[in-house]
Amino acid sequence: MEKQNIVLGVTGGIACYKALELVRLLVQDSCSVRVVMTRGAAEFVTPLSFQTLSGAPVATDLFSLTQESEIGHIDLADSADLLVIAPATANVIGKLAAGIADDLLTTVVLATQAPVLVAPAMNVHMLAHPLVQANLAKLRGAGYHVMETASGSLACGYEGKGRLPEPPVIVEEIRALFRSKDLAGEHIVVTAGPSREPLDPVRYLSNRSSGKMGYALARAAARRGAQVTLVSGPTALAPPTGVRTVPVVTAEEMRGAVLAEFESATAVFMAAAVADYRPHAAAAQKMKRGDGSLSVEFVPNPDIVAELAARKRHQVVVGFAAETESLLANARAKLEKKNLDLLVANDVTQVGSGFDVDTNVVTLLDRDGTATPLPLMSKDAVADRVYDWYLQYKKQSPRRIKSPSRRRTA
Ligand code: PMT
């Protein structure tokens with residue numbers, strides 16, 4: 001990370017002391033670090049400690065004329081290759097989510113063009129609060145890279161999530177963000193979320209997919225330089241920045257949207273949980289309650305990913321498999337039957353894995369029989385591992401994946 005300019009925002013929480021170690025590690029890695037402290041942070045650790053470790057003046061106050069002439073806030077924003085906020089309190093997360101800039105740090109964050117990495121740290125119940133979760137989702141939607149907190153005993157006496165990740169883990173995340181734009185020139189199509197199959201004007205058949213895995217894939221591809229189209233079923237997530245999002249509702253609509261992108265796509269990642277069946281015909285009016293049982297006839301939906309695999313020429317088609325039993329056997333059967341290039345097997349029974357959580361546990365399956373299990377990690381980290389694997393696959397199979405221009409026409 002030699003010569004990377006990192007602006008480190010430190011906000012007021014007990015985990016501030018860990019930010020000192022973070023500065024030491026970054027300087028050791030030849031980064032130039034400029035620290036911006038909030039007033040709260042300066043109550044926990046002195047600016048002098050950060051100044052000594054970073055070897056640069058520490059900025060603390062937007063309204064100090066001396067500081068503004070020596071360390072202009074726009075200069076700080078412009079000079080950053082990356083802006084890191086560690087620890088990020090619920091307060092600063094809320095302010096950023098609302099677009100508030102009432103101190104130096106929040107002003108620099110709004111003014112910078114650099115990527116922003118947020119490492120939250122707070123009490124377990126604060127972290128779980130729906131407003132904090134909504135604010136974190138907003139930051140992700142705005143393109144900020146939000147780290148998962150670590151679990152363990154917290155300074156407030158509670159056990160659980162909310163700890164600032166250890167400094168070496170944050171440094172690893174920073175390294176990943178500086179990785180080259182290795183997906184430049186690619187058009188990556190990602191599907192996310194559930195499909196909804198209407199029964200009548202007010203009811204539908206759907207599933208528990210939140211879209212988080214697919215949105216993480218879309219964000220990571222955009223960060224790594226790809227042109228990204230996200231075909232999304234209904235979710236509560238904000239559309240990611242720098243990504244073209246195409247909203248759909250039913251499997252049929254998803255099929256249409258994906259096929260429209262397929263010719264120009266270099267790869268499709270089908271993370272969506274598409275309903276295999278839909279009601280034969282949606283009732284025109286709300287179905288009335290009767291006395292007896294109710295039977296609804298279902299008909300199969302198109303298998304989108306199998307259709308893509310049958311049509312593919314230059315494209316790489318990557319499926320996901322959500323399994324509740326015999327993970328590898330069932331996932332491998334899908335890889336073969338649908339003729340996919342690669343498949344991400346998702347054990348949705350494990351804690352912290354699968355539907356509607358920010359973490360996942362997956363195994364990467366190749367057609368040659370290789371299975372690469374990954375440990376529990378954030379969906380953002382899974383997305384990066386999936387793209388590393390995809391690029392490796394392309395490198396190993398250059399002849400099989402022909403470029404669009406060299407394709408034979410019938
Ligand atoms: O959205 P989250 O809450 O973050 O949860 C993530 C996830 C669990 C949904 C995701 O990681 C995942 O596993 N997605 C695949 C879910 C699924 O539908 O698996 P499946 O085994 O039923 O389908 C296998 C593959 O076929 C999938 O790529 C699916 O998109 C595709 N499919 C399925 C049915 C259909 N009619 N058409 C399809 O293309």
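Residues numbered from 1 in each chain as written. Predicted model: local features only at pLDDT ≥ 70, side-chain atom pairs only at ≥ 80, totals over all residues. Heavy atoms only, no water.

**Student:** Which parts of the structure should I look at to understand the sheet that holds strand 4 (residues 116-120)?
**Tutor:** To summarise the sheet geometry, strands pair through backbone hydrogen bonds and adopt either a parallel or an antiparallel arrangement. Strand order in the open sheet formed by five strands is 2-1-3-4-5, with parallel pairing between adjacent strands. Sheet topology places strand 2 (32-37) and strand 5 (145-146) at the edges, where each strand pairs with a single neighbour. In the sheet, strand 4 pairs with strand 5 via two bridges, with the strands oriented parallel. Bridge pairing in strand 5 places L117 opposite H145. Along the sheet face, helix 1 (residues 16-28) touches strand 1 (5-10), strand 2 and strand 3 (82-88) and points at about 175 degrees away from the line of strand 1. (Pairing = 2+ DSSP bridges. Helix = DSSP H or I, 4+ residues; strand = E, 2+ residues; numbered from the N terminus. Contact = heavy atoms within 4.5 Å. Axes fitted to C-alpha atoms, helices over the stretch in contact; angles between N-to-C directions.)

**Student:** Can you help me understand the packing of helix 1 against helix 3 (residues 47-54) in this one?
**Tutor:** In helix packing, the relevant descriptors are the interaxial angle and the interaxial distance, both defined with respect to the helix axes. Where helix 1 contacts helix 3, the two axes come as close as 9 Å, and the packing angle between them is 15 degrees. Put simply, helix 1 runs roughly parallel to helix 3. Here the hand of the crossing between helix 1 and helix 3 comes out right-handed. Counting all contacts with helix 1, which are made through C16, A19, L20, V23, R24 and V27, the residues of helix 3 involved are S49, F50, L53 and S54. Broken down by class, the residue content of the contact of helix 1 with helix 3 amounts to seven nonpolar, two polar and one charged. (Parallel < 35°, antiparallel > 145°, perpendicular 65-115°, else oblique. Left-handed = near helix turned anticlockwise from the far one by under 90°. Nonpolar A, V, L, I, M, F, W, Y, C, P; charged D, E, K, R; others polar.)

**Student:** I would appreciate a short explanation of the nonpolar core in the present structure.
**Tutor:** The tendency in soluble globular proteins is for nonpolar side chains to be buried side by side. Core analysis: the largest hydrophobic core is formed by 34 residues, its most contacted members being I188, L217, F269, V344, V386, Y387 and Y390. Breaking this core down by element, the ones donating at least two residues are strand 8 (187-192), helix 11 (212-223), strand 11 (227-232), strand 13 (267-270), strand 16 (316-323), strand 17 (342-347), strand 19 (362-366) and helix 15 (379-396). Apart from residues lying up to four places away in sequence, V344 is in contact with V318, G319, F320, A321, V362, T363, L364, V386 and W389. In terms of nonpolar packing, the next biggest core, distinct from the first, is built from 31 residues, L26, M37, L82 and I170 among them. (Core = buried A, V, L, I, M, F, W, Y, C linked by side-chain atoms within 4.5 Å. Buried < 20%, exposed > 50% of the residue type's maximum accessible area, 1.4 Å probe, protein only.)

**Student:** Would you take a moment to explain the sheet that holds strand 19 for this structure?
**Tutor:** The strand order across the open sheet formed by eight strands is 12-11-8-13-16-17-19-20, and the pairing between neighbours is mixed. Whereas interior strands pair on both sides, the edge strands pair on one side only; in this sheet they are strand 12 (244-247) and strand 20 (371-373). On average, adjacent strands in this sheet sit at an angle of 15 degrees to one another, irrespective of strand direction. As paired elements, strand 8 and strand 13 share four bridges and run parallel to each other. When the sheet's bridge partners are listed, V189 is paired in strand 13 with V268. Across the face of the sheet, helix 13 (residues 304-311) comes into contact with strand 13 and strand 16 while running at roughly 155 degrees to strand 16.

**Student:** Is there a simple way to think about unusual backbone geometry in this case?
**Tutor:** Negative phi is the rule for most residues except glycine; trans is the rule for most peptide bonds. In this chain, A86 is followed by P87 through a cis amide linkage whose omega measures -5 degrees. Tracing the backbone shows P87 in strand 3. Although it is not a glycine, S30 adopts a positive phi angle of roughly 70 degrees. Mapped onto the elements of the fold, S30 is located in the loop between helix 1 and strand 2.

**Student:** Sorry, what's going on with helix 14 (residues 327-337) here?
**Tutor:** Think of an α-helix as 3.6 residues a turn; residues three or four steps apart then line up on the same face. Every buried residue of helix 14 is listed here: L327, A331 and L335. All buried residues of helix 14 fall inside an arc of 55 degrees around its axis, so they share one side. Away from its buried face, by an angle of more than 90 degrees, helix 14 presents the exposed residues A329 and K337. Of the surrounding secondary structure, the elements contacted by the buried residues of helix 14 are strand 16, strand 17 and strand 19. N339 sits one or two positions beyond helix 14 and adopts a positive phi of about 55 degrees. (Arc of directions from axis to C-beta.)

**Student:** When you look at the domain arrangement of the protein in this model, what are you seeing that I'm missing?
**Tutor:** Note on interface size: it is often stated as the accessible area lost on association of the parts. Each domain of the protein was delimited in the assignment, giving domain 1 (5-178) and domain 2 (187-282 + 297-396). One C-alpha centre belongs to domain 1, the other to domain 2, and the line joining them spans 33 Å. Each partner contributes to the interface: domain 1 provides ten residues, whereas domain 2 provides ten residues. Overall, the association of domain 1 and domain 2 removes approximately 850 Å² of surface from exposure, summing both partners, and the carbon and sulfur fraction of that is 50%. Seen at the junction of domain 1 and domain 2, the total is zero salt bridges. At the boundary of domain 1 and domain 2, one finds zero residue pairs in polar contact (both at pLDDT 80 or more). Looking at the side of domain 1 that touches domain 2, the elements that each hand over two or more residues are helix 9 (130-141), strand 5 and helix 10 (167-178). Of the residues forming the side of domain 1 that touches domain 2, the biggest block, three residues, is contributed by helix 9. (Domains from an automatic or database assignment. Buried area = accessible area lost by both parts, 1.4 Å probe. Salt bridge = Lys/Arg side-chain N within 4 Å of Asp/Glu carboxyl O. Polar contact = N/O pair within 3.5 Å; in protein donor to acceptor, adjacent residues only side chain to side chain.)

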